[in-house]
Amino acid sequence: MLQELLAGGPVVTDGAWGTELFARGLEVGRCPDAWNLSHPDRVEQVARAYVEAGSQVILTNTFGASRPMLERHGLADRVAEINRAGVEISRRAAAGRAKVFASMGPSGLLLISGATSPEALAEAFVEQARALAEGGADAIVVETMSDLAEARLAVAAARATGLPVVACMTFDSGKDHDRTMMGTTPEQAAGALAEAGADAIGSNCGQGIEGFVGIARRLRAAGDRPVWIKANAGLPEVVDGKAVWTQTPERFASLVPAVVEAGADFVGGCCGTSPRFIQAVREKLSR
Amino acid sequence: MADPQELYEAILTGNAKQAEEVTKAALEEGANPSDLLSKYMIPAMDEVGSRFECNEYFVPELLIAARAMKTALELLTPRLAAAGAKAAGRVVIGTVQGDLHDIGKNLVASMLEGGGFKVVDLGVDVPAQKFVEAIQEEDGSILALSALLTTTMTQMKAVIEALEAAGIREKTKIMIGGAPITQQYCDEIGADGYSDNASGAVGMARKLVGAA
């Protein structure tokens, strides 16, 4: 399925969801994923905005819908429902015009600190991946991972559903911003994630799109899997006491060809991006 | 004879078991606890910090070193207290209201404990007033605030305002951190210090104690 998608050249994915939900009334501190049940119409608006902006792949509002994350909001008993609903919402919005890749984010717990165990994490990811598959996802995206051990457990869980799996990590540490918080390099990530069964490997979040040219090149050189990149809109600046992403959609889009040339097969946005960014990226790549 | 240099190595390499054994043996042989702390343990954590700064160490190495340090420190604490030694300072730490992320906050707390600070961890989603109350419990405390989200970092300003309203802003040193935080933001809200990593946070806390 991934190869089929990529046959037409680089594929444009979507942009940030959290900020779009906040713009539609989600309150700070509330669980974004719970909106799949309480405000499905508004979640669908976000998904549809991306489809209309030209996303060929959209994700789902399930980034934080693993059991350990939902537990923090007292929603541990709603894991299956929230994940299934998340996929169904994106599928309705896509209506066949875009593929739906379901999002699985980190657990928020560190294995090495003893806050959780590999068994507990594996169980949580299996539970989430199964519900995403039941909802009808076309693929699963494991994203924003810092810890390779946790990422591998998530990939294995996603893999067990039989769906294609994209696995991405966040490189935001080290003086060159080319390590994850736990010290993993793109080369180590590419090798270990492919071995764990990922069909595509990649990176999202952690830095502005400027930094992703090098990351994409290194991921590409380190393996034979398609490369998935979702970059932030530059770096946030503080304006009137608030963090604001000041990079324009045009500036972001102008950097996309370099990321594609470096080896990215899937491109999209993370923090600070919106449907306008996706539209600009589509325009840039169709030229 | 216990070789205290082994204690240095055990902390540097994050070997908690060895740190415990060497510390016990050294204490049984009559070693001076504050010497162990100042000549071997704190220098080991300082070396951990500099290895982190030059990308030799990352979060896993920091965490296991801090754990080894804590193990040894717990053996020393009763004797240090009996000798009238004090903690490097007291730090009240927490993730601001509306934010449930705690990996970074926990990491900073572990490193501060490893640095000899007494740490009061208020957890996540902490209302401003709760920070104020914890600071009021003991004079001269440092306040360490964490936020992961651009949407919650603005709560830091609310906490500072709550300290002002309670009349304790002037005597409280405030340090902040978290993914979206920058020195610019620190200056803008009038916090006293910022670090972009857990190791740097210990240096910052020491600096703030010295300045208090």
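This is a predicted model, so every value here is computed, not measured.

### Comments concerning the overall build of chain B
Looking only at helices and strands, chain B has nine helices and five strands in total. The linear arrangement of helices and strands in chain B, starting from the amino end, is α-α-α-α-β-α-β-α-β-α-β-α-β-α. What you see for chain B is a C-alpha radius of gyration of 18 Å, in line with the 17 Å of a compact globule of 212 residues. Taken along the three principal axes of its C-alpha coordinates, chain B extends 55 × 35 × 25 Å. For chain B, the residues scored as buried account for 49% of the 212 residues in total. Counted over contacts in chain B with a minimum sequence separation of 6, partners at least 24 positions apart contribute 72%.

### Focus on the packing of helix α4 (residues 59–82) of chain B against helix α5 (residues 103–114) of chain B
Two numbers describe a pair of packed helices, the interaxial angle and the distance between the axes. Residues and elements named next belong to chain B. The interhelical angle for the contact between α4 and α5, taken along N-to-C directions, is 40°, at an axis separation of 8 Å. Between α4 and α5, the interaxial angle falls into the category oblique. For the crossing formed where α4 meets α5, the hand is left-handed. Between α4 and α5, the contacting residues are Val59, Leu62, Leu63, Ala66, Met69, Lys70 and Leu73 on the first element and Leu107, Ser110, Met111, Glu113 and Gly114 on the second. Looking at the contact of α4 with α5, its residues break down into eight nonpolar, two polar and two charged.

### A short note on helix α2 (residues 16–28) of chain B
Residues and elements named next belong to chain B. Between its first and last C-alpha, α2 extends 18 Å over 13 residues, near the 18 Å set by a 1.5 Å rise per residue. Turning to α2, its buried residues number three or more, namely Ala19, Val22, Thr23, Ala26 and Leu27. For α2, the angular spread of the buried residues around the axis is 130°, confining them to a single face. With respect to the buried face of α2, the exposed residues turned more than 90 degrees away are Lys17 and Glu28.

### Let's talk about the nonpolar core
It is characteristic of soluble globular proteins that their nonpolar side chains tend to be buried jointly. Of all hydrophobic cores here, the largest spans 84 residues; its most connected members are A:Phe101, A:Leu193, A:Trp228 and A:Val259. Once residues within four sequence positions are removed from consideration, A:Leu193 is found in contact with A:Leu148, A:Ala151, A:Val155, A:Ala167, A:Met169, A:Ala198 and A:Ile201. Counting 49 residues, the second largest nonpolar core, distinct from the first, contains B:Ile11, B:Met45, B:Leu76 and B:Leu112.

### Overview of the confidence of the model for chain B
In low-pLDDT segments, the atomic positions of the prediction should not be examined closely. On average, residues of chain B carry a pLDDT of 93, and 99% of them reach 70 or more. Among the prediction metrics, the complex's ipTM stands at 0.87, with pTM recorded as 0.93.

### Structural notes on the pattern of salt bridges
Applying the stated criterion to the full structure yields 27 salt bridges over all chains. A salt bridge links A:Asp178 to A:Arg218; its shortest N-O distance comes to 2.8 Å. Taken together, the residues span a long stretch of sequence, with A:Asp178 in the loop between β5 (165–169) and α9 (186–196) and A:Arg218 in helix α10 (residues 212–221) at a distance of 40 residues. Judged by relative accessible area, A:Asp178 falls into the buried class, the value being 16%. Classification of A:Arg218 as partly exposed rests on a relative accessible area of 26%. Between B:Glu138 and B:Arg90 there is a salt bridge, and its shortest N-O distance comes to 3.5 Å. Here B:Arg90 lies in strand β1 (residues 90–95) and B:Glu138 lies in the loop between α6 (128–136) and β3 (142–146), a separation of 48 residues in the sequence. Its relative accessible area of 36% is what places B:Glu138 among the partly exposed residues. Assessed through its relative accessible area of 7%, B:Arg90 is described here as buried.

### Here's the deal with the sheet that holds strand β2 (residues 118–121) of chain B
Two strands in a sheet stick together by hydrogen bonds in their backbones, pointing the same way (parallel) or opposite ways (antiparallel). Residue and element names in this part refer to chain B. Reading across from one edge, β2-β1-β3-β4-β5 is the order of the five strands in this open sheet, with parallel pairing throughout. At either end of the open sheet lies a strand with only one pairing partner, and these are β2 and β5 (193–194). Inspection of the sheet shows β1 paired to β2 by four bridges, in the parallel sense. Across the sheet, residue Val91 finds its bridge partner in β2, namely Val119. Along the sheet face, α6 touches β1 and β3 and points at about 170° away from the line of β1.

### Observations concerning the interface of chain A and chain B
Contact with chain A, which involves 24 residues of that partner, is made by 21 residues of chain B. When the two sides are added together, the surface that chain A and chain B hide from each other amounts to roughly 2000 Å², 67% of it contributed by carbon and sulfur. Contact with chain B buries surface across chain A, with A:Arg72, A:Ile112 and A:Val238 losing the most and accounting together for 27% of the total. Linking chain A with chain B are one salt bridge, by the criterion used here. Across the pair B:Asp102 and A:Arg72 runs a salt bridge whose closest N-O atoms are separated by 3.7 Å. Elements represented by at least two residues in the side of chain A that touches chain B include exactly β8 (236–239) and β9 (242–245) of chain A. Broken down by element, the side of chain A that touches chain B gets its largest block of residues, three residues, from β9(A). A breakdown of the residues in the side of chain A that touches chain B according to their chemical character gives 10 nonpolar, eight polar and six charged.

Calculation criteria
- Residues numbered from 1 in each chain as written.
- Chains lettered and ligands numbered in written order.
- Predicted model: local features only at pLDDT ≥ 70, side-chain atom pairs only at ≥ 80, totals over all residues.
- Heavy atoms only, no water.
- Helix = DSSP H or I, 4+ residues; strand = E, 2+ residues; numbered from the N terminus.
- Rg over C-alpha atoms; globule rule 2.2 N^0.38 Å.
- Buried < 20%, exposed > 50% of the residue type's maximum accessible area, 1.4 Å probe, protein only.
- Contact = heavy atoms within 4.5 Å.
- Axes fitted to C-alpha atoms, helices over the stretch in contact; angles between N-to-C directions.
- Parallel < 35°, antiparallel > 145°, perpendicular 65-115°, else oblique.
- Left-handed = near helix turned anticlockwise from the far one by under 90°.
- Nonpolar A, V, L, I, M, F, W, Y, C, P; charged D, E, K, R; others polar.
- Expected span 1.5 Å × (residues − 1).
- Arc of directions from axis to C-beta.
- Core = buried A, V, L, I, M, F, W, Y, C linked by side-chain atoms within 4.5 Å.
- pLDDT = per-residue confidence, 0-100.
- Salt bridge = Lys/Arg side-chain N within 4 Å of Asp/Glu carboxyl O.
- Pairing = 2+ DSSP bridges.
- Buried area = accessible area lost by both parts, 1.4 Å probe.

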